[in-house]
Amino acid sequence: MSKITTPQKAVEIIESGNVLMVGGFLKGGHPETLIRELSKRNVNNLIVISNDTGTAECSLYNVIKNKQVKKVIASYIGANPETGKGLITGEIEVELLPQGTLAEKIRAGGAGLGGFLTPVGVGTIVEEGKQKITVHKKEYILELPLKAHVAVIKAAKADENGNLVFRGSSRNFNAIMPMAAEHVIAEVEEIVPLGEIDPNDVDVPGILIDKIVRVGD
């Protein structure tokens, strides 16, 4: 069965209450078209895991504004006033994490780890509610893994099997989320025949990708 589909059909897998990973770093590598389609659907109570919640120019802004999200796990929300408003009113729960910690929690989820120890955040509000472990007289926070029902990512190129190639900094969170999700949708600028991508250039193997959507430049 072909993995290539339309934006509309691709996001039908996303259901209310899902944990959703969204790739990108602000506008860099943000799966704009797929998230725009999500904002049009009657889907709510989402838990969104993303580096940030975008800017007013990103589709994720509308998903937040439409009150489709009940919780955000991110490292930065300052560019999206709707997220800040939801935090103040209590409509959205926001868990802020150091950026490296967020990335490692996603990687740990993809690798099947039970968690990892980090000194980042010890003695700050980051440690609140978390277990601390002392190793060789040094304190660490035990950070637990993150996993998702669906990951929505963006790449520059895919072949028909879903092998992905990223361009520049768009690798960011897009490259680590596929391992940590049950279902992965990739928005790509170009789809090429199988065999055209050199195996040495593949950033994410196609076995991890369920659907591919070509959206143009």
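Under an unreviewed UniProt entry, the name given to the chain is Acetate CoA-transferase subunit alpha, and the organism recorded is Clostridium puniceum.

Student: Explain the sheet that holds strand S6 (residues 132-135) to me, please; I cannot follow it from the model alone.
Tutor: Either a parallel or an antiparallel arrangement is found when strands of a sheet pair, and the pairing is made through backbone hydrogen bonds. Spatially, S5-S7-S6 is the arrangement adopted by the three strands of the open sheet, whose pairing is antiparallel. Unpaired on one side and paired on the other, strand S5 (116-118) and S6 mark the two borders of the sheet. Across the sheet, the mean angle from the axis of one strand to that of its neighbour is 45 degrees, orientation sign disregarded. Across the sheet, helix H5 (residues 99-111) is in contact with S5 and strand S7 (138-143); its angle to S5 comes to roughly 170 degrees.

Student: What exactly am I supposed to notice about the pattern of salt bridges here?
Tutor: Proximity of charged atoms lets side chains of opposite charge pair with each other. Tallied over the full model, the rule gives 13 salt bridges. Put simply, Glu139 and Lys132 hold a salt bridge, and the shortest N to O gap is 3.4 Å. Accessibility expressed as a relative area gives 37% for Glu139, which makes it partly exposed. Between Arg171 and Asp203 there is a salt bridge whose closest N-O contact spans 3.8 Å.

Student: Could you clarify how one ought to interpret the side chain of Thr118 in this entry?
Tutor: Summarising the element assignment, Thr118 is placed in strand S5. There is a polar contact of 3.1 Å between the side chain of Thr118 and the backbone nitrogen of Val120. What Thr118 contacts, discounting residues up to four positions off in sequence, is Thr101, Tyr140, Ile141 and Glu143.

Student: It is not clear to me how the pairing of strand S3 (residues 69-74) should be interpreted in this structure. Could you clarify?
Tutor: Successive side chains on a regular strand alternate, one facing one side of the sheet and the next facing the other. Extensive coverage of S3 is indicated by the burial of five of its six residues. Looking at chain direction, strand S2 (residues 46-50) and S3 are connected through four bridges and run parallel. Each bridged residue has a counterpart across the sheet, and for Leu46 the counterpart in S3 is Val69. Taken together, S2, helix H3 (residues 59-65) and S3 form a β-α-β motif whose crossover is right-handed. Of the strand pairs in this sheet, S3 and strand S4 (residues 93-96) are connected by four bridges, and their pairing is parallel. Looking across to S4, one finds that Val72 is bridged to Val94. Read as a crossover between parallel neighbours, the route from S3 over helix H4 (residues 81-89) to S4 is right-handed.

Student: When you look at H5 in this model, what are you seeing that I'm missing?
Tutor: Two residues of an α-helix separated by three or four positions point the same way, owing to the 3.6 residues in each turn. For H5, built from 13 residues, the straight-helix expectation of 18 Å at 1.5 Å per residue is met to within 8% by its first-to-last C-alpha distance of 18 Å. Those residues of H5 not exposed but buried are Thr101, Leu102, Ala103, Lys105, Ile106, Ala108, Gly109 and Gly110. Residues of H5 that are buried in the fold lie against strand S1 (19-22), S2, S3, S5 and S7.

Student: How should I be thinking about the environment of Gly115 in this particular structure?
Tutor: Relative to the assigned elements, Gly115 resides in the loop between H5 and S5. Judged by its relative accessible area of 22%, Gly115 falls in the partly exposed class. Measuring from C-alpha to C-alpha, the distance between Gly115 and Leu144 comes to 4.3 Å, with 29 residues separating the pair along the chain. Setting aside anything within four residues of it in sequence, one finds Gly115 in contact with Leu142, Glu143, Leu144 and Pro145.

About the criteria used
Residues numbered from 1 in each chain as written. Predicted model: local features only at pLDDT ≥ 70, side-chain atom pairs only at ≥ 80, totals over all residues. Heavy atoms only, no water. Pairing = 2+ DSSP bridges. Helix = DSSP H or I, 4+ residues; strand = E, 2+ residues; numbered from the N terminus. Axes fitted to C-alpha atoms, helices over the stretch in contact; angles between N-to-C directions. Contact = heavy atoms within 4.5 Å. Salt bridge = Lys/Arg side-chain N within 4 Å of Asp/Glu carboxyl O. Buried < 20%, exposed > 50% of the residue type's maximum accessible area, 1.4 Å probe, protein only. Polar contact = N/O pair within 3.5 Å; in protein donor to acceptor, adjacent residues only side chain to side chain. Right-handed = clockwise from strand over helix to strand, strands pointing away. Expected span 1.5 Å × (residues − 1).

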